[in-house]
Amino acid sequence: MASAIIIALLAITHSGLAQYTKFPEGFTFGVATAAHQIEGAWNVSGKSENVWDRLSHTRPWMIADGTNGDVACDSYNRYQEDVDALAHIGVDFYRFSLSWSRILPTGRVDFVNPDGIRYYNALLDALAEKNIEPLVTLFHWDLPQTLQDLGGWANPKMIDYFRDYSDLCFREFGDRIKSWITFNEPYEICEDAYGDDKKAPAIDSHGVGNYLCSDTLLKAHAESYHLYNETYRPTQNGRIQISINSIWYEPADPENAEQVALAEVANQFKFGWFAHPIFTEAGGYPTVMVENVALQSKAEGLPKPRLEQFDDYWIKRIRGTSDFLGINHYTTHLITGAGVDPIAKSPSWLKDIGAVTSLKVGTDSASEWLRVVPTGFANFLRWCKSSYNDPPIYITENGFSDRGTLLDYGRIKYFNDYLSEILNVIYDDGVNILGYTIWTLMDNFEWRAGFSERFGLYKVDITDPSLPRTPKLSVEYWKQLCATRELPQEDRFKEPALPLKKSEL
Ligand SMILES: *[C@@H]1O[C@H](CO)[C@@H](O)[C@H](O)[C@H]1NC(C)=O
Ligand SMILES: *[C@@H]1O[C@H](CO)[C@@H](O)[C@H](O)[C@H]1NC(C)=O
């Protein structure tokens, strides 16, 4: 780390604190999207219905603005515009996801849709043309409805279906894709979609479906990893990982020992749920999680805990199955005390934690859940280093929502402050972070928020049939950052103080 510290440029901020601005040699930058949020073309050329098509069509009141992904940003037809935008920004890589229902309309490999293969080949060729590396997610939430009808991730048979789908993707695209992500945000898949109704298919089997899902998902991830590791890596030489999202929990009062202990429990329940089985020596779910759910389950009169620990075979099979720790991070929430959170259903993951959470931290965004707390990111990254034996880390998502303004100073400030914390932990704490991914290229179908919360670097006018993409100020910020590998310091990226009114002159 010493040489990295020496090459780091130090700038003295107004507060007098040293602040790093230059990224280490070899650090890479990219932008992320997800198929269902941008592709559109939901029912053309053989693509079948996925769980988000089903939810937004049959329960449109569950989408904040009643929109859906039928057209979205029409990237199925306009992918060249996306690639041109990526080239304009100057990123090293593009993180996108494959639509399972576009490639395999039945969900199984008994019929491979030639148009699905053609589409992703065309996108990969367009990226290669501009020297942009693909980082590709196999599953970003859009399960074929045919497989949901069989129970989706609550059905252990999904381990085989996911392995078969992975196999096909490695075989068809692995000559050009050298970086794979199996699952995007397992917590959101299992807790939000099976343990709640916050994401499709909105099963809301709280305290039960969420844990059935994690059992299947972690096994499916491991099988996909081993398949790649044994069968494809020897010739394709790529890497494969999982990307886990975390809301980082901090004690409201850092001096309060009970809150400090409970925040650790909450972090084990949130991030540790999926990270502990893969990234620790011991493997399996975090002990505190197994114990808490067992106690709650007993109190509920159940003969067996709602969360079952993996057996020895699966503990070993899952352990170590990620070449990097992929982290999606946006925000920090607070823990204010012990007990049942007033918003917790019964039974539920939140009730199982046994702590009360609060959003009263940082500043706001357009998303209720997204509080801006840069220092929380630094604390979380240091925690990952110590909890998971100093893993190599890729930040695979980070970003900010507003209502779509072109002068997006709030977004720029968010990026700048969060990136600054990344530099702090790289240089001061030796956290091994290798790359960073912006969420997201353009305003898109933000799941249940529809188009009401906007995370894009480009504005997309969805009322205009040609769906024009207009660069926001953050495009300029990122263009400069990618060219110089330094945090831009110019005043034009800082929100101007309000101009004086005539009467004040
Ligand atoms: C596809 O869906 C659109 C609505 O998004 C509908 O208007 C159109 O008729 C559908 N096409 C087919 C072939 O079903
Ligand atoms: C991946 O394959 C290599 C080479 O066969 C092997 O040494 C390693 O243990 C495998 N990784 C895992 C996590 O099984």
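Residues numbered from 1 in each chain as written. Chains lettered and ligands numbered in written order. Predicted model: local features only at pLDDT ≥ 70, side-chain atom pairs only at ≥ 80, totals over all residues. Heavy atoms only, no water.

Caption draft 1: Representation of the pattern of salt bridges. A full pass over the atoms with the stated rule returns 37 salt bridges. Of the charged contacts, one joins Arg 233 and Asp 323 as a salt bridge, the two residues approaching to 2.9 Å between their closest N and O atoms. One end of the pair, Arg 233, is in helix 10 (residues 209–236); the other, Asp 323, is in the loop between helix 13 (312–318) and strand 8 (325–338), and 90 residues separate them in sequence. A salt bridge links Asp 491 to Lys 494; the shortest N-O distance between them is 3.7 Å. (Salt bridge = Lys/Arg side-chain N within 4 Å of Asp/Glu carboxyl O. Helix = DSSP H or I, 4+ residues; strand = E, 2+ residues; numbered from the N terminus.)

Caption draft 2: Geometry of the state of the cysteines. Under the defined criterion, the tally for this structure stands at one disulfide. One disulfide in the model links Cys 190 with Cys 213; its S-S distance is 2.1 Å. Negative torsions about the S-S bond denote left-handed disulfides, and the value of about -70 degrees found for Cys 190 with Cys 213 makes this one left-handed. Of the two residues, Cys 190 sits in helix 9 (residues 186–193) while Cys 213 sits in helix 10, which places them 23 residues apart along the sequence. Of the two residues examined, Cys 190 and Cys 213, each falls in the buried class. (Disulfide = S-S within 2.5 Å. Buried < 20%, exposed > 50% of the residue type's maximum accessible area, 1.4 Å probe, protein only.)

Caption draft 3: Structural view of the site of ligand 2. Neighbouring ligand 2 are the residues Tyr 225, His 226, Asn 229 and Gly 320. The contact in question runs from an oxygen atom of ligand 2 to an N or O atom on the side chain of Asn 229, over 2.3 Å. For ligand 2, whose unbound accessible area comes to 360 Å², protein coverage reaches 39%. Residue composition of the shell around ligand 2, by class: one nonpolar, three polar and no charged. (Near = heavy atom within 4 Å. Polar contact = N/O pair within 3.5 Å; in protein donor to acceptor, adjacent residues only side chain to side chain. Areas by Shrake-Rupley, 256 points an atom, 1.4 Å probe, with all protein chains shown as cover. Nonpolar A, V, L, I, M, F, W, Y, C, P; charged D, E, K, R; others polar.)

Caption draft 4: Quick look at the UniProt feature "active site" (unreviewed entry) in the chain. In the UniProt entry, the feature "active site" (unreviewed entry) is given for Glu 397. Tracing the backbone through its elements, the reader meets Glu 397 in strand 10 (residues 393–397). The residues touching Glu 397, leaving out its near neighbours within four places in the chain, are Arg 95, His 140, Asn 184, Glu 185, Ile 327, Asn 328, His 329, Tyr 330, Thr 437 and Trp 439. (UniProt positions renumbered as here; feature names shortened; annotations may be inferred. Contact = heavy atoms within 4.5 Å.)

Caption draft 5: Highlighting empty space enclosed by the protein. Following the criterion strictly, the structure yields three cavities of 30 Å³ or more and no others. Within this model, the largest cavity holds a volume of roughly 80 Å³. Looking at the largest cavity, it is lined by 14 residues, and the ones nearest its centre are Trp 141, Ile 189, Ala 193, Ala 200 and Pro 201. Examining the composition of the lining of the largest cavity, we find that three residues originate from one element, helix 9, more than from any other. The residue inventory of the lining of the largest cavity, partitioned by class, reads eleven nonpolar, one polar and two charged. The volume enclosed by the second largest cavity comes to roughly 60 Å³. Around the second largest cavity sit 14 residues that line it, and Ile 38, Glu 39, Tyr 94, Tyr 119 and Leu 123 are the ones nearest its centre. If you list the elements that add at least two residues to the lining of the second largest cavity, you get helix 2 (35–38), helix 4 (75–89), strand 4 (93–97) and helix 6 (114–129). Residues belonging to the lining of the second largest cavity are distributed by class as follows: nine nonpolar, three polar and two charged. (1 Å grid on protein atoms, 1.4 Å probe; cavity = no way out; pocket = protein on both sides within 12 Å on 5 of 7 lines; lining within 4 Å. Points joined across faces, edges and corners; volume = space filled by probe spheres on them.)

Caption draft 6: Main features of the nonpolar core. Within the largest apolar cluster, 157 residues are counted, with the highest numbers of intra-cluster contacts made by Leu 98, Trp 100, Trp 153, Trp 180 and Trp 478. For Trp 100, the contacting residues outside a window of four places in its chain are Gly 107, Phe 139, Asp 142, Leu 143, Pro 144, Leu 147, Trp 153, Met 158, Tyr 161, Phe 162 and Tyr 165. (Core = buried A, V, L, I, M, F, W, Y, C linked by side-chain atoms within 4.5 Å.)

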